[in-house]
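Below are the chains, spelled out letter by letter.
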Amino acid sequence: MSRRKLVVGNWKMHGSRSVNAALLDGIVQARPFGCDVAVCVPFPFLSETAVTLSGSDLRWGAQDVSSHEQGAFTGEVSAGMLAEFGCRYAIVGHSERRALHAESDQLVADKAKAALGRGVTPIVCVGETLAQREAGETEAVVKRQLSAVIHTLAHCAGEIVVAYEPVWAIGTGLTATPEQAQAVHALLRAQLRAAAARADEMKILYGGSVKPDNAATLFSQPDIDGGLIGGASLKAADFVAICRASPA
Ligand code: PGA
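Read on for an overview of the structure. (Residues numbered from 1 in each chain as written. Predicted model: local features only at pLDDT ≥ 70, side-chain atom pairs only at ≥ 80, totals over all residues. Heavy atoms only, no water.)

Let us now look at helix α2 (residues 46-53). If you check which residues of α2 are buried, you get Leu-46, Thr-49, Ala-50 and Leu-53. Buried residues in α2, looked at end-on, bunch into an arc of 100°, giving them a common side. In the core, the buried residues of α2 are packed alongside α1 (17-30), β2 (36-40), β3 (59-62) and α3 (79-84). One or two residues past the end of α2 sits Gly-55, with phi positive at roughly 90°. (Buried < 20%, exposed > 50% of the residue type's maximum accessible area, 1.4 Å probe, protein only. Helix = DSSP H or I, 4+ residues; strand = E, 2+ residues; numbered from the N terminus. Arc of directions from axis to C-beta. Contact = heavy atoms within 4.5 Å.)

Quick look at the structure:
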């Protein structure tokens, strides 16, 4: 089954209006790519990003979304608001949010449901810590994380994008080997097959120190459908090189 690759930049809490303008311009000028490309930007920059990218084939999204529709939730941003700004994606369950903001598997699942309810595709992140990997718990951890989402979304589970991001590889310069990543992606695909009729069409991205020099081998693995790129998405030349490393 050949799936079109997807490369998503996760800017995290970086950027400014002038820095973003130069970065987006560098990406826009480098089109066309042989894969789908998106950037997930901090909330205040969504409006300008939408203006800059609308009319291009580039997509944009957010890095989080509330599980609530609306109401007295100070500081939260709803899926309906993201949809108004043309967001195609919302990252949910990034390990930084799970660890630093104590997000539970169920909260992540509820966020994914809220996003889908407004036509925003959740990019659901799963991944084990180094201690969990060393204890042989990788499979159990990622399956538990994905299972909460599958159960909550039920018949809509096939609509999500999954991102496998081993926590020990994020921002550390350590990358899972293509074989290590593929092994987990295959497990996740099998889990999705048991739950969603279209599992073979679903995208499972790899994230964790993807760089221009390792992207092509990672993306050539059978169950790796592209990447979620942190640090390297902040430099146009690197991000563009990663997008180009992705076969159509
Ligand atoms: P990294 O981050 O590419 O800087 O490792 C990936 C991510 O956290 O999504």
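A few words now on the site of the ligand. Surrounding the ligand, one finds 13 residues, the nearest of these being Lys-12, His-94, Glu-165, Gly-171 and Ser-209. For the ligand, an oxygen atom lies 2.7 Å from a polar atom in the backbone of Ser-209. Gly-231 is positioned such that a nitrogen or oxygen atom in its backbone is 2.8 Å from an oxygen atom of the ligand. With the chains in place, 97% of the 280 Å² that the ligand exposes on its own is no longer accessible. The residue makeup of the shell around the ligand, split by class, is four nonpolar, seven polar and two charged. (Near = heavy atom within 4 Å. Polar contact = N/O pair within 3.5 Å; in protein donor to acceptor, adjacent residues only side chain to side chain. Areas by Shrake-Rupley, 256 points an atom, 1.4 Å probe, with all protein chains shown as cover. Nonpolar A, V, L, I, M, F, W, Y, C, P; charged D, E, K, R; others polar.)

This part is about the sheet that holds strand β8 (residues 226-229). Reading around the barrel, the eight strands line up as β1-β2-β3-β4-β5-β6-β7-β8 and close back on themselves, with parallel pairing between neighbours. When strand polarity is set aside, the average angle formed by the axes of neighbouring strands in this sheet is 25°. As judged from the two bridges shared by β3 and strand β4 (residues 89-92), these two strands associate in the parallel manner. The residue of β4 that forms the bridge with Gly-61 is Tyr-89. Along the sheet, helix α7 (residues 138-153) contacts β5 (121-126) and β6 (161-164); its crossing angle with β5, the most-contacted strand, is approximately 155°. Sheet contacts for helix α8 (residues 178-193): β5, β6 and β7 (204-207); angle to β7, the most-contacted strand, approximately 150°. (Pairing = 2+ DSSP bridges. Axes fitted to C-alpha atoms, helices over the stretch in contact; angles between N-to-C directions.)

Moving on: the nonpolar core. In this structure, Phe-33, Val-39, Leu-82, Ile-160, Leu-188 and Tyr-206 are the most contacted members of the largest nonpolar core, which totals 68 residues. Per element, the largest residue contribution to this core is six residues, and it comes from α7. Setting aside residues no more than four positions away along its own chain, Phe-33 makes contact with Arg-4, Ile-27, Leu-58, Val-240, Cys-243 and Arg-244. Of all hydrophobic cores here, the second largest spans 12 residues; its members include Leu-6, Ala-38, Val-161 and Ala-163. (Core = buried A, V, L, I, M, F, W, Y, C linked by side-chain atoms within 4.5 Å.)

A complete count under the given rule lists 20 salt bridges for this structure. The partner of Arg-17 in a salt bridge is Glu-48, and the shortest N-O contact between them spans 2.7 Å. With Arg-17 in helix α1 and Glu-48 in helix α2, this pair connects stretches of sequence that are 31 residues apart. Since its relative accessible area comes to 58%, Arg-17 is described here as exposed. Note that Asp-225 is salt-bridged to Arg-189, the shortest N-O span being 2.8 Å. Of this pair, Asp-225 sits in the loop between α9 (215-219) and β8 while Arg-189 sits in helix α8, and the two are 36 residues apart along the sequence. (Salt bridge = Lys/Arg side-chain N within 4 Å of Asp/Glu carboxyl O.)

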